[in-house]
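# Close look at the chain arrangement
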Amino acid sequence: MIAGGSGLIGSAISEEAIRRGFDVIVLSRKSAPGNITWNPSVGEINLPSPAHFDVIINLAGASIASRWSQSRIEEMHDSRINACRTIEKYLAKGLLTTKVYIGTSAIGIYGDHGNDIVDEKSHLGEDTDWMVTTGKAWEEGHIRMTTYGIRSVVLRTGIVLSHKGGALKEILQTAPFGIIGYFGNGKQFWSWIHMDDLVEIFFRAIQNESMSGLYLAASPGSVTNKELSKAASNAFQSHRLVVPVPVFFMAILLGKMRRMLLQSCRGYPARLLAEGFSFQFTSIQDAMKDLIRKRKMKM
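Here's what I pulled together on the structure shown here. (Residues numbered from 1 in each chain as written. Predicted model: local features only at pLDDT ≥ 70, side-chain atom pairs only at ≥ 80, totals over all residues. Heavy atoms only, no water.)

### Overview of the overall build of the chain
Counting its regular elements, the chain contains ten helices and 17 strands. Relative to the compact-globule value of 19 Å for 299 residues, the chain shows a C-alpha radius of gyration of 19 Å, a close match. Looking at the chain as a whole, 49% of its 299 residues qualify as buried. For the chain, long-range pairs separated by at least 24 residues make up 78% of all intrachain contacts whose partners lie at least 6 apart in sequence. In the form shown here, the chain has an accessible surface area of approximately 14200 Å², with 53% of it arising from carbon and sulfur atoms. The distance from the centre of the 34 positive side-chain charges to the centre of the 27 negative ones in the chain is 6 Å. (Helix = DSSP H or I, 4+ residues; strand = E, 2+ residues; numbered from the N terminus. Rg over C-alpha atoms; globule rule 2.2 N^0.38 Å. Buried < 20%, exposed > 50% of the residue type's maximum accessible area, 1.4 Å probe, protein only. Contact = heavy atoms within 4.5 Å. Areas by Shrake-Rupley, 256 points an atom, 1.4 Å probe, with all protein chains shown as cover. Lys, Arg positive; Asp, Glu negative; His and termini not counted. Charge placed at Lys NZ, Arg CZ, Asp CG, Glu CD.)

### Focus: helix α6 (residues 225-234)
What sets the pattern is the α-helix's 3.6 residues per turn: residues three or four places apart point alike. Taken together, the buried positions of α6 are N225, L228, S229, A231, A232 and S233. Residues of α6 that are buried make contact with α4 (167-171), β11 (179-183), β12 (189-190), β15 (223-224), β16 (241-245) and α10 (284-298).

### A short note on the environment of E126
Checked against the element boundaries, E126 lands in the loop between β7 (117-118) and α3 (130-143). Sequence separation between E126 and E200 is 74 residues; the distance between their C-alpha atoms is 32 Å.

### Focus: the sheet that holds strand β2 (residues 26-28)
Sheets are built from strands paired through backbone hydrogen bonds, the pairs being either parallel or antiparallel. Taken together, eight strands build an open sheet; the order of strands is β4-β3-β2-β1-β5-β6-β8-β14 and the sheet is mixed. With one partner strand each, in any of the chains shown, β4 (44-45) and β14 (213-217) form the two edges of the open sheet. The sheet contact formed by strand β6 (residues 96-106) and strand β8 (residues 151-157) spans seven bridges and is parallel. When the sheet's bridge partners are listed, A106 is paired in β8 with T157. (Pairing = 2+ DSSP bridges.)

### Things to note about helix α2 (residues 70-92)
With 23 residues, α2 extends 33 Å between its outermost C-alpha atoms, agreeing within 8% with the 33 Å of an ideal straight helix rising 1.5 Å per residue. Where the residues of α2 are buried, they touch β1 (2-3), β3 (35-39), β4, β5 (51-58), β6 and α3. (Expected span 1.5 Å × (residues − 1).)

As structure tokens, then:
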């Protein structure tokens, strides 16, 4: 079962799960074939009888891809915490049972670390940053699932790059006009991961019984924001001009969201590498070439 299964990551996991012969049930607010409806804001799941799933994947939460007003920040926080609480409530009642629980968190939990390399053991950001406080509460919600004897894995993801949307879509918005922007001075490190690698990590977490606890799910090849934009430009047959997006312009368009784009976090997936996971994409140049090629095929 996948909570938030209609989003970018959830859809990719669903497609791969079906390809591998799994049955997929999506926990969704919308009624549709293959869905179980729920309303996490009031803590309800439409379950007429107890249900068992081999794995529960919790990706639920309001999208961060919008201008961050205070009300939007509260919605992004509450939607994530309420999703965890609702699933836990039904596990506690025995109405849901599972062998494995996988939840996600985000790289923003570290705050701004400059050029320092961070991994699973690195200190987290200050509680004055809502992304940090939300991340901490989100991870605590996931970890509580172990109370019920469930093997639980929390994936702290970097910026997910997919040819079907998400961050790459935003990065390439101006590409048709011959330019690609970077933010501020472009020297801030961005931890990224190719969608194919992220999906493979999920299936490794499902199938490998030795996996439990927190993992940083980001490529070991973190790059600066400017380097990422250059890699995107170079992936086109006709290169785009890479230009800075002024901070004052970002403030007008994005509000508080600009903080996330200007923070620097150089993530390193120490646990995954130590446990033998092999990334398909460790080079941003190779990742961008693959994604731009797939994007062109899709258009």
